[in-house]
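For reference, the chains in residue letters:
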Amino acid sequence: MDNSNEFAPVYLRHDLMIEIGRLEMAMDHLVEREPSQQQQLRPRLESRMTHLLTELDHLPG
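Every value quoted in this text rests on a predicted model; they were computed, and no experiment measured them.

1. Looking at the environment of arginine 22
Link 1 in the chain: With respect to the secondary-structure elements, arginine 22 resides in helix α1 (residues 4–28).
Link 2 in the chain: For the pair arginine 22 and methionine 49, spaced 27 residues apart in the sequence, the C-alpha separation amounts to 9.9 Å.

Take a look at the structure:
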(Lines give C-alpha, C1' and ligand atoms only; values in the text may rest on other atoms or scores of the structure.)
Protein backbone atom coordinates (compact mmCIF):
# COMPACT_ATOMS: atom_id res chain seq x y z
CA MET A 1 0.00 0.00 0.00
CA ASP A 2 1.37 3.40 -0.98
CA ASN A 3 1.04 6.02 1.78
CA SER A 4 2.89 8.77 -0.08
CA ASN A 5 -0.36 10.55 -0.98
CA GLU A 6 -1.23 10.86 2.72
CA PHE A 7 1.93 12.85 3.36
CA ALA A 8 1.77 15.07 0.26
CA PRO A 9 -0.45 17.75 1.91
CA VAL A 10 1.89 17.85 4.92
CA TYR A 11 4.93 18.48 2.74
CA LEU A 12 3.07 20.98 0.58
CA ARG A 13 1.88 22.87 3.69
CA HIS A 14 5.46 22.91 4.99
CA ASP A 15 6.80 24.23 1.67
CA LEU A 16 4.12 26.92 1.53
CA MET A 17 4.87 28.02 5.09
CA ILE A 18 8.58 28.31 4.28
CA GLU A 19 7.85 30.40 1.19
CA ILE A 20 5.45 32.61 3.14
CA GLY A 21 8.20 33.18 5.72
CA ARG A 22 10.63 34.16 2.98
CA LEU A 23 8.14 36.62 1.55
CA GLU A 24 7.51 38.13 4.98
CA MET A 25 11.26 38.64 5.43
CA ALA A 26 11.54 40.21 1.96
CA MET A 27 8.68 42.58 2.77
CA ASP A 28 10.33 43.51 6.07
CA HIS A 29 13.51 44.41 4.20
CA LEU A 30 11.77 46.59 1.62
CA VAL A 31 12.41 49.63 3.82
CA GLU A 32 16.12 49.22 3.07
CA ARG A 33 15.47 49.72 -0.65
CA GLU A 34 15.10 52.88 -2.66
CA PRO A 35 11.51 54.19 -2.83
CA SER A 36 11.30 53.42 -6.55
CA GLN A 37 12.36 49.81 -5.89
CA GLN A 38 9.85 49.57 -3.06
CA GLN A 39 7.05 50.69 -5.39
CA GLN A 40 8.11 48.12 -7.95
CA LEU A 41 8.61 45.19 -5.59
CA ARG A 42 5.80 45.62 -3.04
CA PRO A 43 2.90 44.75 -5.42
CA ARG A 44 4.73 41.67 -6.68
CA LEU A 45 5.46 40.46 -3.15
CA GLU A 46 1.92 41.14 -1.99
CA SER A 47 0.47 39.34 -5.01
CA ARG A 48 2.69 36.32 -4.38
CA MET A 49 1.72 36.34 -0.69
CA THR A 50 -1.98 36.39 -1.57
CA HIS A 51 -1.49 33.49 -3.96
CA LEU A 52 0.38 31.41 -1.38
CA LEU A 53 -2.16 32.11 1.37
CA THR A 54 -4.95 31.07 -0.98
CA GLU A 55 -3.12 27.85 -1.79
CA LEU A 56 -2.60 27.21 1.92
CA ASP A 57 -6.31 27.75 2.65
CA HIS A 58 -7.27 25.20 0.00
CA LEU A 59 -5.13 22.38 1.36
CA PRO A 60 -7.04 19.50 2.90
CA GLY A 61 -7.10 19.06 6.65
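From this point, the discussion proceeds with the structure in view.
2. Quick word on helix α2 (residues 35–57)
Link 1 in the chain: Over its 23 residues, α2 runs 32 Å from end to end, which matches the ideal 33 Å to within 8%, given 1.5 Å per residue.
Link 2 in the chain: Where α2 bends most, at leucine 41, the angle is about 30°, and the proline proline 43 comes one to four residues later.

3. Section: the nonpolar core
Link 1 in the chain: By size, the foremost hydrophobic cluster in this structure holds ten residues: Leu16, Ile20, Leu23, Leu30, Leu41, Leu45, Met49, Leu52, Leu56 and Leu59.
Link 2 in the chain: For this core, the secondary structure elements donating two or more residues are α1 and α2.
Link 3 in the chain: With five residues, α2 is the single largest residue contributor to this core.
Link 4 in the chain: Contacts of leucine 30, omitting those with residues within four sequence positions, involve Gln38, Leu41, Arg42 and Leu45.

What counts, and where the lines are drawn
- Residues numbered from 1 in each chain as written.
- Predicted model: local features only at pLDDT ≥ 70, side-chain atom pairs only at ≥ 80, totals over all residues.
- Heavy atoms only, no water.
- Helix = DSSP H or I, 4+ residues; strand = E, 2+ residues; numbered from the N terminus.
- Expected span 1.5 Å × (residues − 1).
- Bend = angle between axes of the 7 residues up to and from the residue.
- Core = buried A, V, L, I, M, F, W, Y, C linked by side-chain atoms within 4.5 Å.
- Buried < 20%, exposed > 50% of the residue type's maximum accessible area, 1.4 Å probe, protein only.
- Contact = heavy atoms within 4.5 Å.

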